Amino acid sequence: NKTDIRNEVTFMKSEWNKLDNAAKIFPAAQSKKDTQVFRFSCELYKTVNKDLLQKATEDTLEEFDIFKSILRRGLFWYYLEESDIKPIVREEYKIPCSLIYQRNNHKLLFEVTYYRNRINLEVFHVLTDGTGAMNFLKTLVSNYLALAENTADSGVDYDASSTQKSDDSFSKYYSGKISSKQENNPVAYKIVGRKYPDDKLKVINGMVDVKKVLEESHKYNSTLTAFLSAVLVKSIIDEMPVRSKGKKPITILIPVNLRNFFPSVSARNFFCLTYIQYDIKKHGEDFETMVDVINTQLKSKLKAEKLLGTIDTYSAVEHNVITRIVPLVVKDFFLRIAYRMSGRAVTATFSNIGIVKMPENMNKFIKCFDVYISTDKLQLCSCSFDGKLTLGFTSQFISSDIEMRFFRELTSRGIDVELTSNIHDDERND
């Protein structure tokens, strides 16, 4: 009938995108315990004006078409469908990294909130990765400051067309070759302990001088990522029960921004994961050895040819003919199992977003940027801006012993730490 024909025409006119390769697991993997949501924040020196932030959010959305999407379920795959839903800026009203996507509630896959002088961007990982989210937040802050502080004509340097921002870079670099060598990741040491009720996510943030951390890293001929990974490993070892030492390796999962190795300006997911393992039984507990082992592993794994093999491995399942015809409900079931099994090979995660750069005339209005990610384990995220490095821990564990060990290790090396947290004094155990 005519109504059905009109509906079909409307559907055909709507823009849609298949999920990129990395995004396919997130709808199946998300849960109340691990929402697959991350929060990127910018702290200003002045209180946020809600109305101006609303206007800035709408303006920013016009520059990132992929962020206009809602998540739909097809027979065989999820897909992103363009929506005309208007984002509504709200004062912060829930704990960080709460669920965004709910199956029967079609809404945008990101939220913008504020609290006092802080602007928050929360994103469901199916939409983008850390780099894409940070580019959105930088543009949002730039648009906001243009309205609030008259800093017009000095926008963020993100030279990419709308089509380029929506590109699936995994498909672009997939060669079709299947590597015969698959990385074997053994079962890792698992951090255990009592957790907060209602899946509450604890956030502990430390701010340090990035130059001092770099100076300390260079003492060990190490990168900043390797040095901080070693501090994290040492902190876990120091809090590990004696009976557990040497039985299983400590494995730090490190997301890798593939844009650093392959040209891409996509605002979607374009990252892979690398596993850094430290075996106490084999290497001992000397910190210098920890840094050396981790630094060596990172140098070995972070090479374009190896990462290209990882892209091929990730993409092979998607391009498999049999996999394509398996119904989505079956795919979800097995993806959920695969995600849980892969979690057995991880002790903690460290994500280094890197240096955040804004137009110079805006720096005086911005105190810092920071980032947090949902997790049912222990997660550390870092980024630096204008000489300040923020180190954000998230976990659901009541104990903060590992986090405090981490920051004490830095202060013992002459690195001052400014700490903040969303946990009240009566909720702490240390």
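Definitions and limits used
Each chain has its residues counted from 1, running along the sequence as written. Two thresholds apply to this predicted model, a pLDDT of at least 70 for residue-level local features and 80 or more for giving and counting side-chain atom pairs, whereas whole-chain, interface and lining totals are computed over all residues. With hydrogens and water stripped out, all remaining heavy atoms of the structure feed into the side-chain values. Per the convention used, a helix needs a DSSP run of H or I reaching at least four residues, while a strand needs a run of E reaching at least two, with both numbered from the N terminus. In a helix, the anticipated span is given by 1.5 Å times the number of residues less one. Relative accessibility under 20% of the residue-type maximum defines a buried residue, over 50% an exposed one, and the middle range a partly exposed one, all with a 1.4 Å probe and only protein chains included. Each direction from the helix axis to a C-beta atom contributes to the arc, which is the arc of those directions. Contacts are residue-level and defined by heavy atoms, with any inter-residue pair within 4.5 Å sufficient. Between N-to-C directions, angles span 0 to 180 degrees; the directions come from axes that are lines fitted to C-alpha atoms, helices contributing only their stretch in contact. Oblique is the label for any angle not under 35 degrees, not over 145, and not in the 65 to 115 range, which are roughly parallel, roughly antiparallel and roughly perpendicular in turn. For this classification, the nonpolar set comprises Ala, Val, Leu, Ile, Met, Phe, Trp, Tyr, Cys and Pro, the charged set comprises Asp, Glu, Lys and Arg, and every other residue, Gly included, is treated as polar. Two helices cross in a left-handed way if the nearer one is turned anticlockwise from the farther one by less than a right angle. They cross in a right-handed way if the turn is clockwise. Two N or O atoms form a polar contact when they lie within 3.5 Å of each other; inside protein one atom must be a possible hydrogen donor and the other a possible acceptor, and for residues adjacent in sequence the pair counts only when both atoms belong to side chains. Being paired, for any two strands, means DSSP has found at least two bridges between them.

1. A few points about helix α3 (residues 50-61)
Spacing of three or four residues puts side chains on the same side of an α-helix, whose turn is 3.6 residues.
Inference 1: Between its terminal C-alpha atoms α3 stretches 16 Å, which fits the 16 Å expected from twelve residues at 1.5 Å a residue.
Inference 2: Within the span of α3, buried status applies to Leu53, Gln54, Ala56, Thr57, Thr60 and Leu61. Buried residues of α3, seen end-on, are gathered within an arc of 165° and therefore sit on one face of the element.
Inference 3: As for α3, its buried residues are in contact with β6 (110-115), β7 (118-124) and α4 (130-148).

2. Describing the packing of helix α7 (residues 210-219) against helix α8 (residues 224-238)
Inference 1: At a minimum axis distance of 9 Å, the contact between α7 and α8 shows a crossing angle of 85°. By the criterion of interaxial angle, the relationship of α7 to α8 is roughly perpendicular. Between α7 and α8, the residues in contact are Val210, Val213, Leu214, Glu216 and Ser217 and Leu224, Phe227 and Leu228, respectively.
Inference 2: Grouping the amino acids of the contact of α7 with α8 by side-chain chemistry returns six nonpolar, one polar and one charged.

3. Structural notes on the packing of α3 against α4
Inference 1: Where α3 meets α4, the closest approach of the two axes is 8 Å, and the angle between their N-to-C directions is 130°. When the axis of α3 is compared with that of α4, the two are oblique. For the crossing formed where α3 meets α4, the hand is right-handed. On α4, the residues that touch Leu52, Leu53, Lys55, Ala56, Thr57, Asp59, Thr60 and Leu61 of α3 are Phe136, Thr139, Leu140, Asn143, Tyr144, Leu147 and Ala148.
Inference 2: Its residues placed into classes, the contact of α3 with α4 shows nine nonpolar, four polar and two charged.

4. Description of helix α10 (residues 287-301)
Inference 1: The terminal C-alpha atoms of α10 lie 21 Å apart, and with 15 residues this matches the ideal 21 Å at 1.5 Å per residue to within 8%.
Inference 2: Within α10, the full set of buried residues consists of Phe287, Met290, Val291, Val293, Ile294, Asn295, Gln297, Leu298 and Lys301.
Inference 3: The N-cap of α10, judged by a side-chain oxygen 3.4 Å from the amide nitrogen of glutamate 288 a few residues on, is aspartate 286.

5. Looking at the pairing of strand β4 (residues 78-82)
For a regular strand, side-chain orientation follows a simple rule: the groups alternate between the two sheet faces.
Inference 1: With four of five residues buried, β4 is to be regarded as a mostly interior element.
Inference 2: One ladder, built from three bridges, connects strand β1 (residues 16-18) with β4; its direction is antiparallel. From the neighbouring strand, lysine 18 faces β4, where its bridge partner is tyrosine 79.
Inference 3: Note: strand β3 (residues 69-73) against β4, five bridges, orientation antiparallel. What sits directly across from arginine 73, in β4, is tyrosine 78.

6. Focus on the sheet that holds β7
Inference 1: The sheet built from five strands is open, its strands ordered β5-β6-β7-β2-β12 with mixed pairing. If you trace the sheet from one side to the other, it starts and ends with β5 (90-91) and β12 (366-373), each paired once.
Inference 2: Where β6 meets β7, six bridges bridge the pair, whose relative direction is antiparallel. Across the sheet, threonine 113 pairs through a bridge with asparagine 120, a residue of β7.
Inference 3: Sheet strands in contact with α3 are β6 and β7, and its direction is about 155° off that of β6.
Inference 4: Set on the sheet, α4 makes contact with β2 (37-44), β6, β7 and β12; between it and β2 the angle comes to about 30°.

7. Details of the pairing of β6
Inference 1: Counting buried residues along β6, five of its six residues qualify, which places the element largely inside the surrounding structure.
Inference 2: Strand direction decides the pairing type here: β5 and β6, joined by two bridges, are parallel. In the sheet register, glutamate 91 faces β6, and the bridge partner there is tyrosine 114.
Inference 3: Hairpin remark: β6 followed by β7, antiparallel, with two residues in the connecting loop; positive phi at arginine 116, about 55°.

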